[in-house]
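# Structure assessment
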Amino acid sequence: QVQLVESGGGSVQTGGSLRLSCAASGGPFSNYPMGWFRQAPGKERECVAAISRSGDSTYYADSVKARFTISRDNAKNTVYLQMDRLKPEDTAVYYCAAGLFLRKVTMTEGEYRYWGQGTQVTVSS
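A brief structural summary. (Residues numbered from 1 in each chain as written. Predicted model: local features only at pLDDT ≥ 70, side-chain atom pairs only at ≥ 80, totals over all residues. Heavy atoms only, no water.)

In the structure shown here, the tally under the stated rule is five aromatic pairs. Ring centres of Y32 and Y114 lie 6.1 Å apart, and the angle between their planes is 80 degrees; on these two criteria the pair is classed as edge-to-face. Taken together, the residues span a long stretch of sequence, with Y32 in the loop between β3 (18-25) and β4 (34-39) and Y114 in strand β10 (residues 112-115) at a distance of 82 residues. We classify Y32 as buried; its relative accessible area is 9%. With relative accessibility at 12%, the residue Y114 sits in the buried group. (Phe/Tyr/Trp six-rings, centres within 6.5 Å; stacked < 30°, edge-to-face > 60°. Helix = DSSP H or I, 4+ residues; strand = E, 2+ residues; numbered from the N terminus. Buried < 20%, exposed > 50% of the residue type's maximum accessible area, 1.4 Å probe, protein only.)

Here it is, written out as structure tokens:
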């Protein structure tokens, strides 16, 4: 069983930055592709970024491309989401998720098995 705990959320003004962290435990972290998802009130949950097991492949939603960077440190069992040039529309609860064991990274929600509790990101005008 993999446990995931997000941290680093908060409130910032438009144009600001935040770095989210997700600490994993209970499983072989490097065997799982990882993703960051977000859900705003009244909106569907969406994958904003994903990273392969080795970290050599990354994928982003068009809405965050060039502004967000996903990375992972397998030695620390941690995945990060660096968020720059934040916009009000980035306001959401952000969730870390672990995908399927030894599988290729995807941005498909159904391919993720373990989820963190979420951390709130609020961007004000």
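That was the structure; now back to the text.
Judged by nonpolar contacts, the single largest core of 30 residues is most densely connected at L4, M34, W36, V79, L81, M83 and Y94. Listed by contribution, the elements that provide at least two residues to this core are β3, β4, β5 (46-51), β7 (68-73), β8 (78-83), β9 (92-99) and β11 (119-124). Counting seven residues, the second-largest nonpolar core is a separate cluster that includes C47, A50, Y95 and Y112. (Core = buried A, V, L, I, M, F, W, Y, C linked by side-chain atoms within 4.5 Å.)

What follows concerns the sheet that holds β3. Reading across from one edge, β1-β3-β8-β7 is the order of the four strands in this open sheet, with antiparallel pairing throughout. If you trace the sheet from one side to the other, it starts and ends with β1 (3-7) and β7, each paired once. On average, each strand axis in the sheet is inclined to that of its neighbour by 15 degrees, with strand direction left out of account. Note that β7 and β8 share six bridges and pair antiparallel. For S71, the partnering residue across the bridge sits in β8 and is Y80. (Pairing = 2+ DSSP bridges. Axes fitted to C-alpha atoms, helices over the stretch in contact; angles between N-to-C directions.)

This brings us to the state of the cysteines. Counted according to the given criterion, the structure contains one disulfide. Unpaired in terms of disulfides, C47 finds its nearest cysteine sulfur in C96, a separation of 11 Å. The buried category is assigned to C47, whose relative accessible area is 10%. (Disulfide = S-S within 2.5 Å.)

As enumerated under the stated definition, the model contains five salt bridges in all. In this structure, D90 engages R38 in a salt bridge whose closest nitrogen and oxygen atoms are separated by 2.9 Å. In this pair, D90 is assigned in the loop between β8 and β9 and R38 in strand β4, connecting sequence segments 52 residues apart. Each member of the pair, D90 together with R38, is buried. The partner of D90 in a salt bridge is R67, with the nearest N and O atoms 2.7 Å apart. (Salt bridge = Lys/Arg side-chain N within 4 Å of Asp/Glu carboxyl O.)

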